Amino acid sequence: MVVYKGKGVYAAAAIGRASVFKRHTAPVSRVSIGDIAAELARLEAAKALATEQLTEIRDKALKEAGEENAEIFGIHIMMLDDEDYNDSITGMIETQKVNAEYAVAAVSDKFAEMFANMEDEYMRARSADIRDISDRLIACLTDSGGTDDVTAEKTVICADDLAPSEIVSLGKDRVLALVTAFGSLNSHTAILARSMNIPAVIGVGEEFLGSIADGDMLAVSGHTGEVFLSPDEATVKRLSVKLEEDARRKKLLRELKGRENVTLDGTTIGICANIDGAESIGDVLENDADGIGLFRSEFLYLGSEALPTEEQQFSAYRKVLEGMAGRRVIIRTLDIGADKQIDHFKLDKEENPALGLRAIRICLTRPEIFRTQLRALYRASAFGRLGIMFPMITSVSEVEQCLAVCDEVKKELDGEDVRYGGHTEIGIMIETPAAAVISDKLAPLVDFFSVGTNDLTQYTLACDRQNDKLGAFADPHHEAVLRLIEMSVRNAHANNTRIGICGELAADLTLTETFLRMGIDELSVSPPYVLPLRERVRSIDLRCPENAG
Ligand code: PEP
Ligand code: MG
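The rules behind the values
Residues numbered from 1 in each chain as written. Chains lettered and ligands numbered in written order. Predicted model: local features only at pLDDT ≥ 70, side-chain atom pairs only at ≥ 80, totals over all residues. Heavy atoms only, no water. Near = heavy atom within 4 Å. Polar contact = N/O pair within 3.5 Å; in protein donor to acceptor, adjacent residues only side chain to side chain. Areas by Shrake-Rupley, 256 points an atom, 1.4 Å probe, with all protein chains shown as cover. Helix = DSSP H or I, 4+ residues; strand = E, 2+ residues; numbered from the N terminus. Nonpolar A, V, L, I, M, F, W, Y, C, P; charged D, E, K, R; others polar. Buried < 20%, exposed > 50% of the residue type's maximum accessible area, 1.4 Å probe, protein only. Pairing = 2+ DSSP bridges. Patch = residues over 30% accessible without salt bridge, like charges linked within 9 Å, V, L, I, M, F, W, Y side chains within 5 Å. Salt bridge = Lys/Arg side-chain N within 4 Å of Asp/Glu carboxyl O. Lys, Arg positive; Asp, Glu negative; His and termini not counted. Charge placed at Lys NZ, Arg CZ, Asp CG, Glu CD. Contact = heavy atoms within 4.5 Å. Axes fitted to C-alpha atoms, helices over the stretch in contact; angles between N-to-C directions.

1. Digging into the site of ligand 1
In the region of ligand 1, 17 residues are neighbours, and Arg 296, Arg 332, Gly 452, Asn 454 and Arg 465 sit closest. Contacts to ligand 1 include Asn 454, whose backbone N or O atom sits 2.8 Å from an oxygen atom. Here ligand 1 has 290 Å² of accessible area as a free molecule, and 100% of this is covered by the chains. Mapped by element, the contributors of at least two residues to the shell around ligand 1 are α7 (188-195), β12 (292-296) and α18 (453-461). Considering every element that reaches the shell around ligand 1, the biggest residue donor is α18, with three residues. Each residue belonging to the shell around ligand 1 can be placed in one class, and the counts come to four nonpolar, five polar and eight charged.

2. Some thoughts on the pairing of strand β9 (residues 217-221)
Extensive coverage of β9 is indicated by the burial of four of its five residues. Two strands pair when backbone bridges link them, and strand β3 (residues 13-20) and β9 are joined in this way by five bridges, in the antiparallel orientation. Its bridge partner being in β9, Arg 17 is matched across the sheet by Met 217. Alignment of β9 against strand β10 (residues 226-229), held across four bridges, turns out to be antiparallel. For Ala 219, the partnering residue across the bridge sits in β10 and is Phe 228.

3. With respect to a negative patch on the surface
Taken together, the side chains of Asp 82, Glu 83, Asp 84 and Asp 87 define an acidic patch exposed on the protein surface. Among the secondary structure elements, Asp 82 is positioned in the loop between α2 (67-80) and α3 (83-96).

4. What to know about the environment of Ser 230
Mapping Ser 230 onto the fold places it in the loop between β10 and α9 (233-254). Looking at Ser 230, the relative accessible area reads 42%, which means it is partly exposed. Separated by 18 residues in the primary sequence, Ser 230 and Ile 212 place their C-alpha atoms 9.9 Å from one another. Dropping the residues within four chain positions of it, Ser 230 is found in contact with Met 1 and Met 217.

5. Describing the sheet that holds strand β1 (residues 2-5)
The strand order across the open sheet formed by eight strands is β1-β10-β9-β3-β6-β7-β8-β2, and the pairing between neighbours is mixed. A strand with exactly one partner marks an edge of an open sheet, and here the two such strands are β1 and β2 (7-10). The average angle at which neighbouring strand axes cross in this sheet is 30°, direction not considered. The sheet contact formed by strand β7 (residues 175-180) and strand β8 (residues 200-202) spans two bridges and is parallel. Residue pairing for β8: Leu 178 is matched across the bridge by Ala 200. Sitting on the sheet, α7 is in contact with β2, β7 and β8, with an inclination near 50° to β2. Packed onto the sheet, α9 meets β3, β9 and β10 and runs at close to 115° relative to β3.

Following this line, the structure appears as C-alpha cells:
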C-alpha cells in the first residue's frame with residue numbers, strides 16, 4: 001500500500017478502481033463490457049475504417065502535395081497495423097473487459113509516452129503520430145456507436161488537473177471519486193466536485209500520476225485528503241466504516257428537512273443552494289434549500305459545442321424556475337474567462353486571465369451574446385421567481401450599462417408581445433474589492449448583493465485562486481476580506497438591499513456566527529452543505545457573546 005496526501009475537497013470516502021483520465025479530442029469514458037468478442041469486432045471494423053480514411057488521405061496528398069508529404073500517412077497506416085500496439089489494445093479489452101475506446105486511449109498514452117522518452121529524435125516525433133492515429137481510431141469507434149452490452153462503471157478518475165468542462169463531460173454517474181495531482185481548493189474543479197457530491201482529493205503531487213495505472217485499486221478519503229494505492233485490509237475496513245458513518249450522518253441530517261433556519265434567539269436566515277445546471281434541482285429539493293442563490297449559467301455554455309441559442313437557454317432556465325416551484329432562483333449571467341474557457345468563444349490568450357476580459361466584461365463587449373441570454377432569462381421569468389445577477393462588477397457605470405440592456409430587452413419583448421414576469425429582481429456579485437468599497441453607490445441601483453468570496457479573496461489578497469502553492473497566504477478568513485464583507489452588509493442594509501454570500505466561504509461553519517452577527521441575510525452553498533448549515537444556524541445564540549466554531 002502506498003499513501004498519497006493532498007487536500008480533501010468534499011468530505012466523503014470512496015473505494016474503487018482507478019481510471020487515468022485521457023485527454024483526447026472526444027472525452028473517453030471507461031465502460032465495463034460483457035461481450036468481449038463483440039468489442040473486438042467493433043475494434044476491427046473501426047480499424048478498417050481508419051485505414052480506409054488514411055489511404056484516401058494519402059492518395060489525395062500524393063496528388064496534391066507530392067510523395068514526400070504523403071509519406072507520413074503511409075507511416076500512419078503501418079502504425080495502425082503494428083502488432084505490439086494492436087496486441088496491447090486487444091489484451092486490455094480481454095483482460096480488463098473495458099470498451100475499445102478506452103483501451104485505445106490508454107494504450108495510446110502509454111506508447112506516446114514511451115516514444116516521447118526515446119533518445120532518437122525521429123522516434124520521439126512518433127509520439128504525436130501515435131496520438132494522431134489513436135484519436136482517429138477512437139473517432140471511428142465513436143461514429144460506429146457504442147456496444148449495447150455495457151454497464152457504466154464508476155471509477156476513481158485520476159488526472160493531473162481537470163478543467164471544469166472536463167468534469168462536466170465526464171458526468172456524475174461515471175465518477176466514484178476524483179484525485180488530481182495539482183489543483184487548488186477554490187478552483188471551479190473543486191467547487192464542481194463539491195456540488196456534484198463527488199469525494200475528491202486534489203494536489204496529491206506529480207509522483208502519484210507516475211505510479212497509478214488503469215484498474216489499480218484505490219481508497220480515497222475526502223475527510224483527511226489521503227489516497228491509498230492498493231489499500232491493505234485494515235485501511236479498506238477503516239474507510240468502509242467511514243462510508244457507513246457518512247451515510248448515517250446524511251440520514252440524521254434529513255431529520256432537519258422542513259425545519260426553519262432560525263437561531264436560538266429567533267433570527268431567521270435564508271439558506272439557498274448553488275447549482276451548475278437544471279440536473280441539480282433534485283439535489284436542491286432533496287436538501288430542502290430555500291431557493292437557488294447562484295445558478296452558474298456558464299455551464300450551459302461550457303457543455304455545448306456552440307453558443308447555446310435563445311431557445312436552448314430559455315428552456316434550461318424555465319426548467320429550473322418551474323422545478324423550484326415559486327422559490328427564488330438567482331441566475332448569474334455568463335461568467336467565463338479565467339479558468340472557465342470555451343473554445344468556440346475564441347478568447348485571446350491573456351497573460352493574467354483572472355485580471356482580463358472575463359464575466360461582465362465579455363458581456364459588455366459582446367452585446368449580442370449578452371442580449372440573447374437576457375432575452376432567454378426574461379422570457380423564463382414568466383415561469384417562476386427570478387433574480388438576474390451580474391458577475392465581476394467593479395463600477396457604477398457597468399451596473400448602469402447592464403440595467404440599460406435589461407430595459408432594452410424588455411422593450412423588445414414588449415414590442416413582440418412576448419410575456420415576461422412582473423418583477424424580476426436585479427443583483428450584482430460583490431467579488432472585487434472595488435465593488436465592496438463602493439457598495440454604498442452600488443446598493444441603490446440593485447435589489448440584492450451576493451458576495452463571491454472565492455474571487456473577493458483572490459483579488460483582495462492578490463492570491464491566484466488556481467495556485468495551490470499559496471497556502472496560508474490565501475487565507476479567506478483574512479481580516480481584510482471580512483471587513484469588506486461587513487462594509488458591504490452595512491451599505492446594503494442602509495439602502496434596503498438584501499445581501500447574501502454565495503462563495504465557498506458561505507459553507508464554512510466556523511464563520512457562520514460571524515456572518516450572522518454582521519447581518520448577512522442569506523447563505524448559498526452546494527446542495528450537500530445546506531442541512532449541515534441549517535444545523536449550525538440552529539445552534540447559534542446571538543444574544544450570547546461570540547464563540548465561533
Ligand atoms: C465567487 O467568486 O465566490 C463565486 C461565487 O463565483 P465563482 O466561484 O463562479 O467565480
Ligand atoms: Mg466569482
